[in-house]
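Here is how the chains run, residue by residue.
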Amino acid sequence: MPSPQPSALAALPYAPPRDDGIDIVYGDAWLLLVNKPAGLLAVPGRGDGKDDCLLRRVQAVVADALIVHRLDLHTSGLLLLARGREMQRRLAGDFAARRVHKRYLAVVAGRLPADSGTIDLPLAADWPQRPRQKVDRLTGKPSLTRYQVLGHDPVSNRSRLALFPETGRTHQLRVHLQALGHAIVGDLLYGDASGASGADRLLLHADQLRFLHPASGHDLCVDSPAPF
């Protein structure tokens, strides 16, 4: 049996956006919230030419910055970084315990049948087509996404959604929406020709993070408007 081959998209060369400086949305002595542009890795990737990433760019300005969580290469928006190992440990624990509330903004193909809902579908790696993920009801990990429709454009037949992932599986939002029949516009990995057309990027943006500040204990809610 031949070895599984990566998808054609995975084989495309990495071409990070130009470094125009770090967009720090919030920063203090304990943590940073930074806007990651679409097309930039959150952390260094495997292989040659993949050292340029948001973490390296931030560390060139704030040396003690450490990654807490990640965003997909093609997703833009808020990324949380800790200042130092102890703060990284505490913030990572908040993510693991689901004490960090995340909201994303997406534009999807078509009109959803309900104004809000929940997508509860287990996900697993699709090894023959890596890096794709897939719905797998037998061996997949529990994955839950809530959504709310913000509007629908009948001319383009696209809908604007707020997404609230309760779990943090790889490509969760993209696979869940594809499984619902409403792929995210600009998604070359999961969308069909109609869903992927008309956009020069994946229309998915992490637009809000809310959690208790690990030092003060006060509620911290930071927003980043979507650039689309």
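These numbers were taken from a predicted model, which means no experiment stands behind them.

Some words on the overall build of the chain
Working step 1: For the chain, the count of helices and strands is 4 helices and 12 strands.
Working step 2: Compactness check: the chain gives a C-alpha radius of gyration of 18 Å against a globular reference of 17 Å for 228 residues, within 12% of the reference.
Working step 3: Along the longest, intermediate and shortest principal axes, the C-alpha atoms of the chain span 45 × 45 × 35 Å.
Working step 4: The buried share of the chain, reckoned over its 228 residues, is 44%.
Working step 5: Nonlocal contacts in the chain, meaning residues at least 24 apart in sequence, comprise 61% of its contacts between residues at least 6 apart.
Working step 6: In the form shown here, the chain has an accessible surface area of approximately 12000 Å², with 52% of it arising from carbon and sulfur atoms.
Working step 7: Counting 28 positive and 23 negative side-chain charges, the chain places the centres of these two groups 4 Å from one another.

Some remarks on the environment of arginine 111
Working step 1: Position of arginine 111 relative to the elements: it lies in the loop between strand E5 (101-109) and strand E6 (116-120).
Working step 2: Here arginine 111 falls in the exposed class, since its relative accessible area comes to 59%.
Working step 3: Sequence separation between arginine 111 and proline 154 is 43 residues, and the spatial gap between their C-alpha atoms is 8.5 Å.

Looking at the confidence of the model for the chain
Working step 1: Per-residue confidence for the chain gives a mean pLDDT of 92, with 93% of residues at or over 70.
Working step 2: Counting interchain partners and residues more than four positions distant, the pLDDT-below-50 stretch residues 1-6 has 7 contacts.

Quick word on the pattern of salt bridges
Working step 1: Within the structure shown, the criterion is met by 11 salt bridges.
Working step 2: Among the ionic pairs, arginine 89 bridges to glutamate 86, the shortest N-O distance being 2.6 Å. Here the residue arginine 89 and the residue glutamate 86 both occupy positions in helix H2 (residues 85-96), the gap between them amounting to 3 residues, near one helical turn.
Working step 3: Judged by relative accessible area, which is 55%, arginine 89 ranks as exposed.

With respect to the nonpolar core
Working step 1: Ranked by internal contacts, the top residues of the largest apolar core, which has 32 residues, are Leu81, Leu163 and Leu204.
Working step 2: Looking at this core, the elements that each hand over two or more residues are strand E2 (31-36), helix H1 (54-59), strand E3 (65-67), strand E4 (76-83), E5, strand E10 (158-165), helix H3 (172-179) and strand E11 (204-212).
Working step 3: Leucine 204 has contacts with Thr75, Ser76, Tyr104, Leu105, Ala106, Leu163, Leu173, Arg174, Ile184 and Phe228, leaving out every residue within four places of it along the chain.
Working step 4: Counting residues in each nonpolar core, the second largest holds 14 residues, with Val68, Met87, Phe95 and Leu209 among its members.

A short note on the side chain of threonine 167
Working step 1: Tracing the backbone through its elements, the reader meets threonine 167 in the loop between E10 and H3.
Working step 2: Among the polar contacts made by the side chain of threonine 167, one reaches the main-chain amide nitrogen of leucine 144 at a distance of 3.0 Å.
Working step 3: Within polar-contact distance, the side chain of threonine 167 engages the side chain of glutamine 172 at 2.7 Å.

A look at the pairing of E2
Working step 1: With 6 of 6 residues buried, E2 lies mostly within the body of the structure.
Working step 2: Of the two faces of E2, the one holding Leu31, Leu33 and Asn35 and the one holding Leu32, Val34 and Lys36 are both buried throughout.
Working step 3: Count of turn residues in the strand E1 (residues 23-27)/E2 antiparallel hairpin: 3 residues.
Working step 4: Note that E2 and E4 share 6 bridges and pair antiparallel. Following the sheet pairing, leucine 32 is matched in E4 by leucine 81.

Here we look at H3
Working step 1: Of all the 8 residues making up H3, 6 are buried; the element is thus mostly covered by neighbouring parts of the structure.
Working step 2: Glycine 181 sits one or two positions beyond H3 and adopts a positive phi of about 90 degrees.

Regarding the pairing of E11
Working step 1: Within E11, 7 of the 9 residues are buried, leaving the element largely enclosed by the surrounding structure.
Working step 2: The sheet contact formed by E4 and E11 spans 2 bridges and is parallel. Within E11, the residue paired with serine 76 across the bridge is histidine 205.
Working step 3: Connecting E11 to the next strand, strand E12 (residues 219-223), in antiparallel fashion are 6 residues, including glycine 217 with a positive phi near 80 degrees.

Scoring rules and cut-offs
- Residues numbered from 1 in each chain as written.
- Predicted model: local features only at pLDDT ≥ 70, side-chain atom pairs only at ≥ 80, totals over all residues.
- Heavy atoms only, no water.
- Helix = DSSP H or I, 4+ residues; strand = E, 2+ residues; numbered from the N terminus.
- Rg over C-alpha atoms; globule rule 2.2 N^0.38 Å.
- Buried < 20%, exposed > 50% of the residue type's maximum accessible area, 1.4 Å probe, protein only.
- Contact = heavy atoms within 4.5 Å.
- Areas by Shrake-Rupley, 256 points an atom, 1.4 Å probe, with all protein chains shown as cover.
- Lys, Arg positive; Asp, Glu negative; His and termini not counted.
- Charge placed at Lys NZ, Arg CZ, Asp CG, Glu CD.
- pLDDT = per-residue confidence, 0-100.
- Salt bridge = Lys/Arg side-chain N within 4 Å of Asp/Glu carboxyl O.
- Core = buried A, V, L, I, M, F, W, Y, C linked by side-chain atoms within 4.5 Å.
- Polar contact = N/O pair within 3.5 Å; in protein donor to acceptor, adjacent residues only side chain to side chain.
- Pairing = 2+ DSSP bridges.

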